[in-house]
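Descriptive structure summary
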Amino acid sequence: MTLRVLIVDDDQDHAESVADILEIRGYSVDLATSGEQGVARFRASDFHIVLMDVKLPGMNGVETFAAFKRIRPDARVLMMTGFSVEELVAEAVGNGALGVLYKPFEISELLDAIERVKPRGMVLVADDDPDFAGSLAPILKRNGYVVEIARNGQEALEKASAPGITCLVLDLRMPLLTGLEVYLRLKETGAPVPTVFVTGWAEELADAVRQVNGFGQGLLIKPFDPAHLLRAMEGAALPRQAADAHAR
């Protein structure tokens, strides 16, 4: 998954130097030189992280941050400042900003901060019930995940086969391909996505249990507490994370 970063800073030289650092490390970066321009960029595209200067012409950084939160309440924003503006910084952090970088900052400080606040991963929710998928998406986003939706088994197979998906929340009963068929086809590739199966039909789980193994699969019967899903997702991803760490 390529992380998309928006830098909002009226110091263009500083913004471009930060962008260069991040782009070298594989991030996709866009720039805005005012709060108003930042709001327009943010409304037009879905950024994973925003680096926001506190002092901006027109709308200041705190006002711009508030506008971002109205557009997308799950906005992940790091404030930047080279001035003594503690009241503004405190207001931004109190309203949900994830931290502050004090200019001039070291490259290591920037990268550490980005690593700390970047999304925990990309979750694919595969379910033909739009109400179910729609109710899960904001919960997952509030917990730091990027969310993709698939409405049928074929779409789920295509999206889960693409790079970047760290966990698959997969309904067992879907059109075109069942959830179990999707999982087994992914398994044939030799590297299935860590998966949490969900269903409103308890009898389907027994068949799923017999046919899947490894990667810490979770099995949940609808309706369930979202906290149970978050725990199951973490459990499903642990073996993959351990394997990746061992490979490194």
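Above: the structure in question.
Computed from a predicted model, the values in this text were never measured in an experiment.

1. Observations regarding the pairing of strand β9 (residues 195-199)
Taken across its five residues, β9 has five buried, putting it largely inside the fold. What you see with β9 is no split at all: Thr 195, Phe 197 and Thr 199 on one side and Val 196 and Val 198 on the other are buried throughout. Relative to β9, strand β8 (residues 165-171) is paired through four bridges, and the arrangement is parallel. Bridged to Val 169 within β9 is Val 196.

2. Some thoughts on the pattern of salt bridges
Taken as a whole, this structure holds eight salt bridges when the rule is applied. For Lys 103, the salt bridge goes to Asp 9, with nearest N and O atoms at 2.9 Å. Pair noted here: Lys 103 is in the loop between β5 (100-102) and α5 (107-117) and Asp 9 is in the loop between β1 (4-8) and α1 (12-24), with a separation of 94 residues, a long-range link. Among the ionic pairs, Glu 155 bridges to Lys 159, the shortest N-O distance being 3.2 Å. Taken together, the residues Glu 155 and Lys 159, both in helix α7 (residues 153-161) and four residues apart, mark about one turn of the helix. Residue class for Glu 155 comes out partly exposed when judged on its relative accessible area of 23%. Put simply, Asp 9, Asp 53 and Lys 103 are held in one network by salt bridges that share partners.

3. Here's the deal with the environment of Met 233
Topologically, Met 233 is positioned in helix α10 (residues 226-247). Classification of Met 233 by relative accessible area gives buried; the value is 2%. Through-space distance from the C-alpha of Met 233 to that of Thr 166 is 9.4 Å; in sequence the pair is 67 residues apart.

4. Points about the sheet that holds strand β4 (residues 77-81)
Spatial strand order, β2-β1-β3-β4-β5: five strands in an open sheet with parallel pairing. If you trace the sheet from one side to the other, it starts and ends with β2 (28-32) and β5, each paired once. In this sheet, neighbouring strand axes are inclined to one another by 20 degrees on average, regardless of whether the strands run parallel or antiparallel. Across four bridges, the pairing between β1 and strand β3 (residues 49-53) is parallel. Residue pairing for β3: Leu 6 is matched across the bridge by Val 50. On top of the sheet, helix α2 (residues 35-44) reaches β1, β2 and β3; it is set at about 140 degrees to β2, its chief contact.

Here is what the cut-offs are and how they apply
- Residues numbered from 1 in each chain as written.
- Predicted model: local features only at pLDDT ≥ 70, side-chain atom pairs only at ≥ 80, totals over all residues.
- Heavy atoms only, no water.
- Buried < 20%, exposed > 50% of the residue type's maximum accessible area, 1.4 Å probe, protein only.
- Helix = DSSP H or I, 4+ residues; strand = E, 2+ residues; numbered from the N terminus.
- Pairing = 2+ DSSP bridges.
- Salt bridge = Lys/Arg side-chain N within 4 Å of Asp/Glu carboxyl O.
- Axes fitted to C-alpha atoms, helices over the stretch in contact; angles between N-to-C directions.
- Contact = heavy atoms within 4.5 Å.

Everything listed here is a matter of geometry and, on its own, says nothing about what the molecule does.
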